[in-house]
Amino acid sequence: MIILLVASAFNSLTQRVSVELADRGHTVPVQLSCREEDLHEALHRHDPALIIAPMLRTAIPESVWRARTCLIVHPGPPGDRGPSSLDRAVREGVDRWGVTVLQANGEMDAGDVWASASFPVPPVGKSDLYRNEVSDAALEAVLLAVDRFASGTFRPAAQSGPGQRTAVRTRPFLRQEQRRIDWTADRTGTVLRELRAADSQPGVPDELLGGQWFLHGGYREPTLTGTPGEVLATRAGAICRATVDGAVWIPQLRPRRLPGQPPTFTLPATVALGGLLPAVPDLPLPLDPQWDGPGWTDIRYRETGEVGFLRFSFPGGAMGTAQCERLLAAYHYACARPTSVLVLGGARDFFGNGIHLNVIEAAADPGAESWANLNAIDDLVEAVLTTTDRLVVAALGGNAAAGGVMLALAADEVWCRTGVVLNPHYRLMGLYGSEYWTYSLPRRVGARAAERLTERALPVSAASGHRLGLVDRLIESSAQDFTDQVAGLAVRLSAMSSTRSRIAAKKTERERAESVKPLAAHRDEELARMRRIFDDPTHPYHALRRAFVRKEPPPVAGRPAASPDGASQNARS
C-alpha cells in the first residue's frame, strides 16, 4: 500500500512510523508541508491509498481530508482534545495516558477513532516519554489502524453522539505564563512536573540571576537545601536550585529572545550562564562501583559480577567536547576494573547523536569548537575500538545518529531496543563525518551498503539494522525495562565459555586489521576532509548548523535535519 506521511517535521515519531511501515512492505513517501497546494501535488505524484499524520502543527486542509482518508496521531486517549495534551499529562502527574489515531475532519482532534493504545507514564521528561512510551503506543495504534483500513470493512467509532460513552474533554493551549514556578511556594514534586512537562520545548519561563531564561529539564536532588530559588551547586554542566523542601538539578537553559534578535537555543546551564554564575561548589558524583548513593548525574558506573556498566545520558543525545572528555575518563576508569564485559550505555532514551551543535554555535569560533568536539569524540571511539582485554557491548535503549551510531559500532556487540531508530549518516548537516566511520561501517555492513546508508541519509529501524548487520541483538522490551534486561543478558554473556576465547582473539584481530590499514590512517583521512569543512566559512555546514540550532528553515532544499520534539540537538536525523 502507498501511505503518504504528512508531518510538520521529520521528527522522531515520523521517522519511527516511516521505517516501521516500510519494514512491513508499504511504500511510504513523506510530505513535510501542510500547504494545500503542496499536499495536492503530493497526492497527484504519489496517489496514496491512505494519509497518516504522525506530528502536525497545523490542520490538514478540508480539500485533502475530503479527498482521501487522513489519519491523525494524537498523543492523548480517546476523547482528549487540544494542542498541549502530553504537556498536561506530565504536568498533572497521571499514571497512564494514551495515543489515539483518529480521522481528520473539520474539528481538531474530534474525528472518528480508528485505533488507540495506552501506556504507563514513568517520572521522566516529556521528550523522553514522547520518544519511548508514546512512540511505542503510537506505532501499535498506527499499525492497527492501517490493518483496519486495509480490511475495507472496519467502521471507525465516533467520539460523541448517540450511544457513545467516551468522555470528551477539550483543553486549550498551555500558555507559558501557566508554566511559571513559584520558588517561594512550590514543593519539589510540583517543580519537577513543571520542568519535565516543558523539558525540550517550550521550557519554563523564569527569572534567574538578573536575567530572563527558559529552564529545560529537571531532576530531584536528595540532600542539598537552601533559600528557595537559590543556585546551590553545579554538576556536569547543570545547576542545582533550591525549592521550599529540597532542590532540583536543571541541565539546560535558554535565554529569552529579545526583540529584533535571532532565535535563542538551549545550552548546558553553566555554559549559558557564563560569568553570571555565582561561586558555588561543583559536586561530581563518584564513579566508584561500591558507591550506591542517591543523586542525579549524567555518567554513572556500577558492577555486577564480571560485568561493568558505564551508563550515560546527555540532554538530546548531544555529546559536546566536555561531555566526551568526561565520558572518556570514565571509560578509562571502567577499563581499569577487573571485568570481562563492559556495557556502554544501557539507559533509556538517546544513546548518542554526535557533536553538540548548540555548544558549537554558541562558541566564539564555531569552526575551532567543531574541530575540538570532533577530536574529543574521536578519542572516545578510538578507546573503544582499541579495547582488547574485555568484550564491549553498546546497549541502545533509545535512538542514535551520526557520531552516536559510530560510537556504538566501535563496540564488539550492539544491542538495540526494538523501538530504536538509527541514522548512520552525516550528509544532512553537510558533513563527511568522522568517528572512524570509514572503518566501522564497512566492517559491519560492507562497502556498498555503507555507501548507500551514508548517501541516502535515511533512518533505519532496529530490525532493519539487525538485518543489515548494524545491530547484533534486538531486545524486545519497554523503555523502562530495558536496563534490567540488558543487565541480565550481560551477566549471562560474561559467564559463557566462549567469552574468554573471544577476548583472547581480540588482540590478534586488532593487529590483523591494523596491518591492513591502521586506524590512524582512517582518522587522518576523515579529519582532513572535516578540517576543510570547518575552516571554510562558506561551506554549507555552517549555514545548516545555524538554521538547525535556531530552528529556522534550512538554507538549501531538501529534508530538514531538525526535530521539534527535542529529539535533536546535533548533526543527525
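Details of the structure are given in the entry above.
The text that follows walks through the structure, step by step, so that each part is easy to find. Every value quoted in this text rests on a predicted model; they were computed, and no experiment measured them.

Along the chain, the regular secondary structure elements total 18 helices and 25 strands. Taken against the 2.2 N^0.38 rule, which gives 25 Å for 573 residues, the C-alpha radius of gyration of the chain at 24 Å falls within 12% of a compact globule. With the C-alpha coordinates aligned to their principal axes, the bounding extent of the chain is approximately 70 × 60 × 50 Å. Burial status across the chain gives 57% buried among its 573 residues. Across the chain, contacts joining residues at least 24 apart in sequence account for 69% of those joining residues at least 6 apart. Only carbon and sulfur atoms are counted for the fraction: they give 52% of the accessible area of the chain, which is about 23100 Å². A gap of 2 Å separates the mean positions of the 64 positive and 64 negative side-chain charges of the chain.

Next up on the list: the nonpolar core. One finds Leu-253 and Tyr-331 to be the most contacted residues of the largest nonpolar core, which totals 89 residues. The leading source of residues in this core is helix 10 (residues 366–385), at 8 residues. With 37 residues, the next largest nonpolar core counts Ile-3, Leu-71, Val-94 and Val-142 among its residues.

Let us look at the packing of aromatic side chains. Under the defined criterion, the tally for this structure stands at 9 aromatic pairs. Centre to centre, the rings of Trp-114 and Phe-149 are 6.0 Å apart; their planes meet at 50 degrees, and the pair counts as tilted. Here Phe-149 lies in helix 5 (residues 126–151) and Trp-114 lies in strand 7 (residues 113–120), a separation of 35 residues in the sequence. Taking relative accessible area as the criterion, Trp-114 reaches 7% and is therefore assigned buried. Between Phe-534 and Tyr-541, the aromatic rings sit 5.4 Å apart at their centres with planes inclined by 55 degrees, giving tilted as the arrangement. Residue classification places Tyr-541 among the buried positions, given a relative accessible area of 0%. A cation over a ring is seen here: Arg-254 above Phe-214, with NZ or CZ 4.2 Å from the ring centre.

Locating Thr-188 in the fold gives a position in helix 6 (residues 188–197). Setting aside chain neighbours within four positions, we find Thr-188 in contact with Arg-220, Thr-243, Asp-245, Gly-246, Ala-247 and Val-248.

Strand order in the open sheet made by the 3 strands is 21-23-24, with mixed pairing throughout. At either end of the open sheet lies a strand with only one pairing partner, and these are strand 21 (400–401) and strand 24 (460–461). Along the sheet face, helix 1 (residues 12–23) touches strand 23 (421–423) and strand 24 and points at about 100 degrees away from the line of strand 23.

On to the packing of helix 4 (residues 85–92) against helix 5. Helix 5 packs onto helix 4 with a crossing angle of 110 degrees between their chain directions and a minimal axis gap of 10 Å. Taken together, helix 4 and helix 5 sit at an angle that is classed as roughly perpendicular. On helix 5, the residues touching Leu-86, Asp-87 and Val-90 of helix 4 are Lys-126, Leu-129, Tyr-130 and Val-134. Counted by class, the contact of helix 4 with helix 5 contains 5 nonpolar, no polar and 2 charged residues.

Once that is clear, we can look at the pattern of salt bridges. Enumeration over the complete set of coordinates arrives at 38 salt bridges. Of the charged contacts, one joins Asp-349 and Arg-131 as a salt bridge, the two residues approaching to 2.8 Å between their closest N and O atoms. Of the two residues, Asp-349 sits in the loop between strand 19 (341–348) and helix 9 (357–362) while Arg-131 sits in helix 5, which places them 218 residues apart along the sequence. The residues Asp-349 and Arg-131 share a single accessibility class, namely buried. Among the ionic pairs, Arg-326 bridges to Asp-298, the shortest N-O distance being 2.7 Å. Of this pair, Arg-326 sits in helix 8 (residues 321–335) while Asp-298 sits in the loop between helix 7 (269–273) and strand 17 (299–304), and the two are 28 residues apart along the sequence.

Read from one edge of the open sheet, 4 strands run 11-14-13-12, paired in antiparallel fashion. Of all strands in the sheet, those bounded by a partner on one side alone are strand 11 (219–221) and strand 12 (231–235). Strand-to-strand twist of the sheet, defined as the mean angle between neighbouring strand axes without regard to direction, takes the value 30 degrees. The pairing of strand 13 (residues 238–243) with strand 14 (residues 246–250) spans 5 bridges and is antiparallel. Across the sheet, the residue bridging to Ala-242 is Ala-247, located in strand 14. On the sheet, helix 6 packs against strand 11, strand 13 and strand 14 and is oriented at approximately 15 degrees with respect to strand 14.

On to helix 12 (residues 437–445). For an α-helix, 3.6 residues make a turn, and residues three or four places apart therefore share a direction. Within helix 12, the full set of buried residues consists of Trp-437, Tyr-439, Ser-440, Leu-441, Arg-444 and Val-445. Count one or two residues on from helix 12 and you reach Gly-446, which has phi positive near 95 degrees.

This paragraph deals with the pairing of strand 15 (residues 252–255). Across 4 bridges, the pairing between strand 10 (residues 211–216) and strand 15 is antiparallel. In the strand pairing of strand 15, Phe-214 is matched with Arg-254. Pairing geometry for strand 15 and strand 16 (residues 267–268), over 2 bridges, is antiparallel. Bridging from a neighbouring strand, Gln-252 pairs with Pro-268 of strand 16.

To continue, consider unusual backbone geometry. The amide bond that connects Gln-201 to the next residue, Pro-202, takes the cis arrangement and shows omega of 0 degrees. Looking at the secondary structure, you find Pro-202 in the loop between helix 6 and strand 9 (204–208). In this model, Tyr-436 sits at a positive phi of 60 degrees, which is unusual for a non-glycine residue. Residue Tyr-436 is classed as buried on the basis of its relative accessible area of 1%. The phi angle at Ala-457 is positive, at roughly 55 degrees, despite the residue not being glycine. In this fold, Ala-457 is placed in the loop between helix 13 (447–456) and strand 24. Take Ala-457: its relative accessible area is 0%, and that puts it in the buried class.

A word on helix 18 (residues 540–549). Taking burial as the measure, the 10 residues of helix 18 include 7 buried ones, the bulk of the element. Along helix 18, the residues that are buried comprise Tyr-541, His-542, Leu-544, Arg-545, Ala-547, Phe-548 and Val-549. Its buried side turned inward, helix 18 meets helix 9, helix 10 and helix 17 (519–535). Trailing helix 18 by a residue or two, Lys-551 shows a phi angle of about 55 degrees, which is positive.

The exposure class assigned to Arg-131 is buried, which follows from its relative accessible area of 6%. A distance of 2.8 Å separates polar atoms of two side chains, one belonging to Arg-131 and the other to Asp-349.

Cut-offs used in this document
Residues numbered from 1 in each chain as written. Predicted model: local features only at pLDDT ≥ 70, side-chain atom pairs only at ≥ 80, totals over all residues. Heavy atoms only, no water. Helix = DSSP H or I, 4+ residues; strand = E, 2+ residues; numbered from the N terminus. Rg over C-alpha atoms; globule rule 2.2 N^0.38 Å. Buried < 20%, exposed > 50% of the residue type's maximum accessible area, 1.4 Å probe, protein only. Contact = heavy atoms within 4.5 Å. Areas by Shrake-Rupley, 256 points an atom, 1.4 Å probe, with all protein chains shown as cover. Lys, Arg positive; Asp, Glu negative; His and termini not counted. Charge placed at Lys NZ, Arg CZ, Asp CG, Glu CD. Core = buried A, V, L, I, M, F, W, Y, C linked by side-chain atoms within 4.5 Å. Phe/Tyr/Trp six-rings, centres within 6.5 Å; stacked < 30°, edge-to-face > 60°. Lys NZ or Arg CZ within 6 Å of the ring centre and 35° of its normal. Pairing = 2+ DSSP bridges. Axes fitted to C-alpha atoms, helices over the stretch in contact; angles between N-to-C directions. Parallel < 35°, antiparallel > 145°, perpendicular 65-115°, else oblique. Nonpolar A, V, L, I, M, F, W, Y, C, P; charged D, E, K, R; others polar. Salt bridge = Lys/Arg side-chain N within 4 Å of Asp/Glu carboxyl O. Polar contact = N/O pair within 3.5 Å; in protein donor to acceptor, adjacent residues only side chain to side chain.

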